[in-house]
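Here are the chains, one letter per residue:
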Amino acid sequence: MKSLKALNNPLSTGQKQLDLLHKGTSETYKPPLFVDTIEPTGHFPMKAKGVEVLQINMGKMCNQVCKHCHVDAGPDRQEIMTRATLELCLNVLKNESITTVDLTGGAPEMNPEFRWFVTEASALGKHIIVRCNLTILLANKKYNDLPQFFKQHKVEVVSSLPHFSARRTDAQRGEGVFEKSIKALQMLNAVGYGSGDLLLNLVYNPSGAFLPPAQASLERDFKKKLKDQYGIEFGQLFAITNMPISRYLDYLVASGQYEDYMTQLVDAYNPMAVEHVMCRTTLSVGWDGQLYDCDFNQMLEINCSGTKNKHIADFDLEALENRNILLDQHCYGCTAGAGSSCGGEVV
Amino acid sequence: MSKSYYEPSDLGKFGDIKDFQPELAEKFFGYYNSVFQEGALSEREKSLIALAVAHAVQCPYCIDAYTSTSLEKGSDEEEMMEAIHVAAAIKGGAALVHGVQMMNKAKDMSM
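Residues numbered from 1 in each chain as written. Chains lettered and ligands numbered in written order. Predicted model: local features only at pLDDT ≥ 70, side-chain atom pairs only at ≥ 80, totals over all residues. Heavy atoms only, no water.

Caption draft 1: Broad picture of the overall build of chain A. Along the backbone of chain A there are 14 helices and eight strands. Its C-alpha atoms give chain A a radius of gyration of 19 Å, near enough to 20 Å, the size a compact globule of 347 residues would have. Principal axes of the C-alpha set define a box for chain A whose edges measure 55 × 45 × 40 Å. Of all 347 residues assigned to chain A, the portion counted as buried reaches 58%. Within chain A, contacts between residues separated by at least 24 positions form 74% of all contacts whose residues are at least 6 apart in sequence. Accessible area of chain A: about 13800 Å², with a carbon and sulfur share of 51%. The positive charge centre, built from 34 side chains, and the negative charge centre, built from 39, are 6 Å apart in chain A. (Helix = DSSP H or I, 4+ residues; strand = E, 2+ residues; numbered from the N terminus. Rg over C-alpha atoms; globule rule 2.2 N^0.38 Å. Buried < 20%, exposed > 50% of the residue type's maximum accessible area, 1.4 Å probe, protein only. Contact = heavy atoms within 4.5 Å. Areas by Shrake-Rupley, 256 points an atom, 1.4 Å probe, with all protein chains shown as cover. Lys, Arg positive; Asp, Glu negative; His and termini not counted. Charge placed at Lys NZ, Arg CZ, Asp CG, Glu CD.)

Caption draft 2: Spotlight on helix 4 (residues 77-109) of chain B. Taking 1.5 Å of rise per residue, 33 residues should cover 48 Å, and helix 4 of chain B covers 48 Å from first to last C-alpha, within 8% of that figure. Taken residue by residue, helix 4 of chain B has Glu 79, Met 80, Ala 83, Ala 87 and Gly 99 of chain B as its buried positions. The inward-facing, buried residues of helix 4 of chain B abut helix 9 (215-230) of chain A together with helix 2 (43-56) and helix 3 (60-72) of chain B. (Expected span 1.5 Å × (residues − 1).)

Caption draft 3: The pairing of strand 1 (residues 53-57) of chain A, seen in detail. All names here are of chain A. Burial analysis of strand 1 places five of its five residues in the buried class, the great majority of the element. The alternating pattern of strand 1 places Val 53, Gln 55 and Asn 57 on one face and Leu 54 and Ile 56 on the opposite face, and all of these are buried. Of the strand pairs in this sheet, strand 1 and strand 2 (residues 100-104) are connected by five bridges, and their pairing is parallel. Each bridged residue has a counterpart across the sheet, and for Ile 56 the counterpart in strand 2 is Leu 103. On the question of chirality, the crossover connecting strand 1 to the parallel strand 2 by way of helix 3 (residues 83-93) is right-handed. Pairing of strand 1 with strand 7 (residues 282-285) involves four bridges; the strand directions are parallel. By the bridge assignment, Gln 55 is partnered in strand 7 with Ser 284. (Pairing = 2+ DSSP bridges. Right-handed = clockwise from strand over helix to strand, strands pointing away.)

Caption draft 4: Quick peek at the pattern of salt bridges. Here the structure, examined in full by the defined rule, presents 21 salt bridges over all chains. One salt bridge in this structure joins Asp 316 of chain A and Lys 308 of chain A, with 2.7 Å as the shortest N-O distance. Classification of Lys 308 of chain A as partly exposed rests on a relative accessible area of 48%. The partner of Lys 27 of chain B in a salt bridge is Glu 23 of chain B, and the shortest N-O contact between them spans 3.7 Å. A residue pair is termed a helical-turn pair when its members lie 3 or 4 positions apart in one helix, as Lys 27 of chain B and Glu 23 of chain B do in helix 1 (residues 22-35) at four residues. With respect to burial, Lys 27 of chain B and Glu 23 of chain B carry one shared label: exposed. (Salt bridge = Lys/Arg side-chain N within 4 Å of Asp/Glu carboxyl O.)

Caption draft 5: Region of interest: the state of the cysteines. Counted by the stated rule, this structure contains one disulfide over all chains. One disulfide bridge connects Cys 59 of chain B with Cys 62 of chain B, the sulfur atoms lying 2.5 Å from each other. Judged by the sign of its S-S torsion, about 75 degrees, the cystine formed by Cys 59 of chain B and Cys 62 of chain B is right-handed. The closest cysteine sulfur to the non-disulfide-bonded Cys 62 of chain A is located on Cys 66 of chain A, 6.3 Å from its own sulfur. Relative accessible area serves as the criterion here: at 8%, Cys 62 of chain A is assigned to the buried category. In this structure Cys 279 of chain A is not part of a disulfide, and its nearest cysteine sulfur, from Cys 294 of chain A, lies 6.1 Å away. Owing to a relative accessible area of 10%, Cys 279 of chain A belongs among the buried residues under this scheme. (Disulfide = S-S within 2.5 Å.)

Caption draft 6: Just unusual backbone geometry, in detail. Residue and element names in this part refer to chain A. Cis geometry is adopted by the peptide bond preceding Pro 45, which originates at Phe 44 and carries an omega value of 0 degrees. If you trace the backbone, Pro 45 turns up in the loop between helix 2 (34-38) and strand 1. Here the phi dihedral of Asp 72 falls at roughly 60 degrees; this positive angle occurs in a residue that is not glycine. Inspection of the secondary structure puts Asp 72 in the loop between strand 1 and helix 3.

Caption draft 7: Broad picture of the pairing of strand 2 of chain A. Residue and element names in this part refer to chain A. Within strand 2, five of the five residues are buried, leaving the element largely enclosed by the surrounding structure. Neither face of strand 2 is open: one carries Thr 100, Asp 102 and Thr 104, the other Val 101 and Leu 103, and all of them are buried. Both strand 2 and strand 3 (residues 127-132) contribute to a ladder of four bridges, which runs parallel. Along strand 3, the bridge assignment pairs Asp 102 with Ile 129. Chirality of the crossover, the property in question, places the unit of strand 2, helix 4 (residues 114-123) and strand 3 among those that are right-handed.

Caption draft 8: Structural detail: the packing of helix 2 of chain B against helix 3 of chain B. Residue and element names in this part refer to chain B. At their nearest, the axes of helix 2 and helix 3 sit 9 Å apart, and the two run at 155 degrees to each other. When the interaxial angle is binned, helix 2 and helix 3 end up roughly antiparallel. Handedness of the helix 2/helix 3 crossing: left-handed. Two secondary-structure elements touch here, helix 2 through Ser 47, Leu 48, Ala 50, Leu 51, Ala 54 and His 55 and helix 3 through Cys 62, Ile 63, Tyr 66, Thr 67, Thr 69 and Ser 70. (Axes fitted to C-alpha atoms, helices over the stretch in contact; angles between N-to-C directions. Parallel < 35°, antiparallel > 145°, perpendicular 65-115°, else oblique. Left-handed = near helix turned anticlockwise from the far one by under 90°.)

Shown next as structure tokens:
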């Protein structure tokens, strides 16, 4: 399976995705504009509340090609963050108000500067999260010792495991991914992850065109199944809604489920979730240093508002802390049901 | 009048039954919604029971609804098929256990 970009799929560009989100797939279906929907909550224009989390996309290269990937990542993606850009990120991390650095990709571990950067960010006393796809630990010998490296720097590991069944996990993430993911989780458990101070959290996202269930109930099921069948322990399960962008958007359109899914998102709109959406305290950095309100805006190529807030080289904390968040139709994904963020439910 | 007894779009009109009798519909849907909330059984477990019953009563609307709900609540295909086998076993068992009644009657009638 190739990335949308490698296939020259129109949905590999942010503008084409936005066009589709506005025009829909038929003349008869026009969901209400998100900005009109949130206006009664008093959160429009939506303002940032600060910059507490710096989420860095270290590159779009990945050893997997997941069907729902909002990054359109894969082995054929060459975009990777350079050391020079990472140094700019480190400089920004010296701001004390930024407490957490959240490393994502692609597979961030495939960036050759990954270990250097984690070591430097750790020395700054930051809480480090790595969004590890698990199979990377087994993809090459050079990655086998990553659990020990993570432990050394007390990195919080957040890993996708869309289901406790091989069938549903492999259907979304590729043949054989479940078995490798289980082995990787056992490797992480073996060095102490999943209990005590070493945080190992899992991410559930639906492997189909539907919304996630209540997080707490699903977490109980995951814990029991993974413990009973594989002896695996983990901390929390984050239930995340699939955003109607990139590869997941392509799947929705190709399977004729786009309108049904958007209807589900719109019908499940929860004004309580608006207050707690992650973009209000997170700043997303693209592989090339460009700044965005969130990872999803990054993939839609919607830079932060404000003339100075476009690139990490021009980082201005005060300007960013007071910026207006840019919203569009995909934002229904973060306000449906109990809400959704990189840390799961928000209400 | 529809050409078919079952129209998939009718599932979404279930709530319309209140148009002909609002009071009873309101009571039913209130009860229905309460039944499926998290309790001693999880929503996921309840949806699997509903899926099994849907097959036992052979209701296409219910099979559609509770296949979706079971997946949404986090069940997988193996669990869902096992639930249907439970329904099949009870349905089959219910037929077969009446074989005892047949045997009793046959014995009564025979020398």
